[in-house]
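# Structural overview for review
Spelled out from the first residue to the last, the chains are:
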Amino acid sequence: MRAPLQQIETSGEVPQSADVVVIGAGIVGVFAAYYLGRRGLNVALVEKGRIGAEQSSRNWGWCRQQNRDARELPMATRSLDLWDSFAAETGEDTGFRRCGLLYLSNDEAELAGWARWRDFARTAGVTTHMLDSAEATERGRATGRSWRGGVFSPADGTADPSRAAPAVARAILKLGSTIHQNCAARGIETEGGRLSGVITECGTIRTKAAVMSGGAWASSFCHQFGFRFPQASVRSSILSLSPGAKGLPDALHTAKVSATRRGDGGYTLAISGRGRVDVTPQQLRFSSQFLPMFLKRWRSLGPGGLQGMRSGHETLQRWQLDRQTPMERMRILDPAPDQGTIRLTHARALELLPAFRQTRVSAAWAGYIDSTPDGVPAIGEIHTIPGFFLAAGFSGHGFGIGPGAGHLVADLVTGSEPIVDPTSYDPRRFDASVWGKVADF
């Protein structure tokens, strides 16, 4: 059963030209198009399938500062403000609310790590509360057990993955820009070394600026014109429970399982970091670059199967621009969930929160989380092709920081003062032989 998602109607006919073409209508792509449109630019947003249908509707919905890597924390902080302001600006409802996020643990090393992050976060003006045993046990009373400690981050919250990207898309249309679903971008055109157009299955759009925000498809697209973008995906499995559980935290993380309340009163469940690595040509090509990340996460990752190979999103093939491409053969990445993980997640949730015994499993799904070797997204201009910008590799963090990432993309495209320092996100860092510190997840 797939993740739920609101649908909206859009045009199938692409314009002959646009100020900017945004490729990919996940959460980052729609926010990039929105902030570009607010600056008076004529934007064409093209999506090979449906708005938000891949990882942007398949995640937990957390919008957090807590435990963010130092390179992402400024963007996370600004994103929370932008989630707030978007609703006020547009009247559209993404389901965002600052409900606070609760972390509980009986592991002293884990608690010490959270305390170190708290000390760092204070220097960035972020408030997070370490909980002693009594406080953690009280906040976690729905578990019916004692806890050594925890964290509560009151300014953090959640948004609704089933309606966030569609809500932003409606706002884009109100600004006068256009959106085109079931319209895959096949490649780009250049003149004098600069971007001059985006070739789609529905026709070519003349433009001087384009943004690649295609999630797990970004590297294979860039491969078509010779840009090497190291990217690898992990298949993550999630399930949802029907409404019926009362008296539980809105958003709870433990090492065993995490739970998030949805707008309908049900809960989404997942095991943080757990996933399957489906072998693909791209996985093999970039395996040495990803070795530090896989070594760091080996306890959470397991070998997958051939789903990724069949999906085609990590192909190394060069495709013809006048023929059907892998994006058109696989409109929406909808991998099968790992049933062992689904069963384990549900069992752990029932043990942790007995109130879940009053519910039933309503859906289970999987999605591909695209990562970079250091776990930090790539956001910036591809300097070998002026006018072409990359915004991909969000490593499972893209939903929460989507507004900030989209705003930064708009800043870079228009040459405006960036909302955050873009240095840490510059794709040119992958030209180096040393990738730097792998982000904490």
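This section reports on the structure supplied with the text. Note on numbering: residues in each chain are counted from 1, in written sequence order. For a predicted model such as this one, the threshold for reporting local features is a pLDDT of at least 70, and the threshold for listing and counting side-chain atom pairs is 80 or more; totals across whole chains, interfaces and linings nevertheless cover every residue. Values shown for side chains rest on all heavy atoms present in the structure; no hydrogens or waters enter the calculation.

## What to know about the overall build of the protein
Heads up, the condition is: The way it works is that DSSP assigns letters per residue, a run of H or I at least four long becomes a helix, a run of E at least two long becomes a strand, and they are numbered from the N terminus. Radius of gyration here uses only the C-alpha atoms, and the compact-globule reference equals 2.2 Å multiplied by the residue count raised to the power 0.38. Three labels apply to residues, based on accessible area from a 1.4 Å probe with only protein chains included: buried if under 20% of the type maximum, exposed if over 50%, partly exposed otherwise in between. By definition, residues are in contact when any of their heavy atoms lie within 4.5 Å. A 1.4 Å probe and the Shrake-Rupley method give the accessible areas. Residues count as covered only by the protein chains that appear here.
When helices and strands are tallied, the protein shows 12 helices and 21 strands. For the protein, the C-alpha radius of gyration of 21 Å lies close to 22 Å, the compact-globule estimate for 441 residues. Based on the C-alpha atoms only, the size of the protein along its principal axes is roughly 65 × 45 × 40 Å. Relative to its full complement of 441 residues, the protein shows a buried share of 59%. Contacts in the protein between residues at least 24 apart in sequence constitute 77% of all its contacts with a sequence separation of at least 6. A total of about 17,400 Å² of accessible surface is found on the protein, and carbon and sulfur atoms cover 49% of it.

## Regarding helix 2 (residues 73-90)
Inclusion rule: Here the expected length of a helix is defined as 1.5 Å per residue gap, with one fewer gap than residues.
Spanning 18 residues, helix 2 covers 26 Å between terminal C-alpha atoms, matching the ideal 26 Å at 1.5 Å per step. Within the sequence span of helix 2, burial applies to Leu73, Met75, Ala76, Ser79, Leu80, Leu82, Trp83, Phe86 and Thr90. In this structure, the buried side of helix 2 is in contact with helix 1 (27-38), strand 3 (62-63), helix 3 (108-123), helix 5 (164-174), strand 20 (378-381) and helix 12 (402-414). After helix 2 finishes, the residue Gly91 shows a positive phi value of roughly 75 degrees.

## Digging into the sheet that holds strand 21 (residues 388-392)
Note the threshold: Following DSSP output, two strands are said to pair if at least two bridges run between them. Convention adopted: a line fitted to C-alpha atoms gives each axis, helices being fitted over their contacting stretch, and angles between N-to-C directions are expressed from 0 to 180 degrees.
Spatial ordering of the open sheet is given by 8-2-1-12-21-20, a layout of six strands whose pairing is mixed. Pairing within the sheet leaves two strands with one partner each, and these edge strands are strand 8 (178-180) and strand 20. Mean inter-strand twist for the sheet, computed between neighbouring axes without regard to direction, equals 15 degrees. The pairing of strand 1 (residues 20-23) with strand 2 (residues 43-46) spans four bridges and is parallel. Counterpart to Val20 in the pairing with strand 2 is Val43. Each of strand 1, strand 2 and strand 21 touches helix 1; the most contacted strand, strand 2, lies at about 170 degrees to it.

## Examining the environment of Ser237
Rules: For this analysis, a polar contact is any N or O atom pair within 3.5 Å, provided that within protein one partner can donate a hydrogen and the other can accept it, and provided that sequence-adjacent residues contribute only side-chain to side-chain pairs.
Looking at the secondary structure, you find Ser237 in strand 13 (residues 232-241). Looking at Ser237, its side chain comes within polar contact range of the main-chain nitrogen of Asp338, at 2.8 Å.

## Quick notes on the nonpolar core
What counts, and what does not: Nonpolar cores were defined as sets of buried Ala, Val, Leu, Ile, Met, Phe, Trp, Tyr and Cys residues, with membership established by side-chain atoms within 4.5 Å.
Ranked by internal contacts, the top residues of the largest apolar core, which has 50 residues, are Ile27, Val30 and Trp83. Mapped onto this core, the elements with two or more residues apiece are strand 1, helix 1, strand 2, helix 2, helix 5, strand 21 and helix 12. The leading source of residues in this core is helix 1, at nine residues. What Val30 contacts, discounting residues up to four positions off in sequence, is Ala25, Leu45, Ile51, Ala165, Val168 and Ile172. Core analysis: the next-biggest nonpolar cluster, separate from the first, contains 33 residues, Ile205, Ala210, Ile382 and Phe430 among them.

## Thoughts on the packing of helix 2 against helix 5
Short version of the rule: Should an angle lie under 35 degrees it is considered roughly parallel, over 145 roughly antiparallel, and from 65 to 115 roughly perpendicular; all remaining angles are considered oblique. Here a crossing is called left-handed whenever its near helix is offset anticlockwise from the far helix by less than a right angle, and right-handed whenever the offset is clockwise.
Where helix 2 meets helix 5, the closest approach of the two axes is 11 Å, and the angle between their N-to-C directions is 45 degrees. Here helix 2 lies oblique to helix 5, going by the angle between them. Read as a crossing pair, helix 2 and helix 5 show a hand that is left-handed. Along the contact surface, helix 2 presents Trp83, Phe86 and Thr90, while helix 5 presents Ala164, Ala167, Val168, Ala171 and Lys174.

## Here's the deal with unusual backbone geometry
Unlike most non-glycine residues, Asn182 shows phi in positive territory, near 50 degrees. Summarising the element assignment, Asn182 is placed in the loop between strand 8 and strand 9 (185-191). With a relative accessible area of 45%, Asn182 lands in the partly exposed category. Even without being glycine, Ser395 reaches a positive phi, approximately 55 degrees.

## Description of the packing of aromatic side chains
Heads up, the condition is: Aromatic rings from Phe, Tyr and Trp, with only the six-membered ring used for Trp, were paired whenever their centres fell within 6.5 Å, and each pair was classed as stacked if the ring planes differed by under 30 degrees, edge-to-face if by over 60, and tilted otherwise.
Within this structure, the stated rule accounts for 17 aromatic pairs. With a centroid separation of 6.0 Å and an interplanar angle of 20 degrees, the aromatic rings of Phe31 and Tyr35 are classed as stacked. Taken as a pair, Phe31 and Tyr35 lie in helix 1 at a separation of four residues, close to a single helical turn. Residue Tyr35 is classed as buried on the basis of its relative accessible area, which comes to 4%.

## Here's the deal with a nonpolar patch on the surface
Counted only if it meets this: For patch building, the residue pool is restricted to those with more than 30% relative accessible area and no salt bridge; the joining distance is 9 Å between like charges and 5 Å between nonpolar side chains (Val, Leu, Ile, Met, Phe, Trp, Tyr). Salt bridge, as applied in this entry: a Lys or Arg side-chain nitrogen positioned within 4 Å of an Asp or Glu carboxyl oxygen.
A cluster of nonpolar residues, Val279, Leu284, Leu306 and Met309, forms a patch on the protein surface that exposes about 350 Å² of accessible area. Within the secondary structure layout, Val279 lies in the loop between strand 17 (275-277) and helix 7 (281-285). In this structure Val279 comes out as partly exposed when scored by relative accessible area, which is 31%.

## What about the side chain of Asp69?
Within the secondary structure layout, Asp69 lies in the loop between strand 3 and helix 2. A distance of 2.7 Å separates a polar atom in the side chain of Asp69 from a polar atom in the side chain of Arg71.

## Some remarks on the pattern of salt bridges
For side chains of opposite charge, pairing can occur when their charged atoms come near one another. Tallying each qualifying case throughout the model produces 27 salt bridges. As a salt-bridge pair, Arg206 and Glu189 come within 2.4 Å of each other at their nearest N and O atoms. A residue pair is termed long-range when its members are at least 10 positions apart, and Arg206 in strand 11 (residues 203-206) and Glu189 in strand 9 qualify at 17 residues. The class of Glu189 is partly exposed, set by a relative accessible area of 28%.

## Some words on the pairing of strand 20
In this structure, strand 20 lies alongside strand 21, joined through four bridges in antiparallel fashion. Paired with Glu381 across the two strands is Phe389, which belongs to strand 21.

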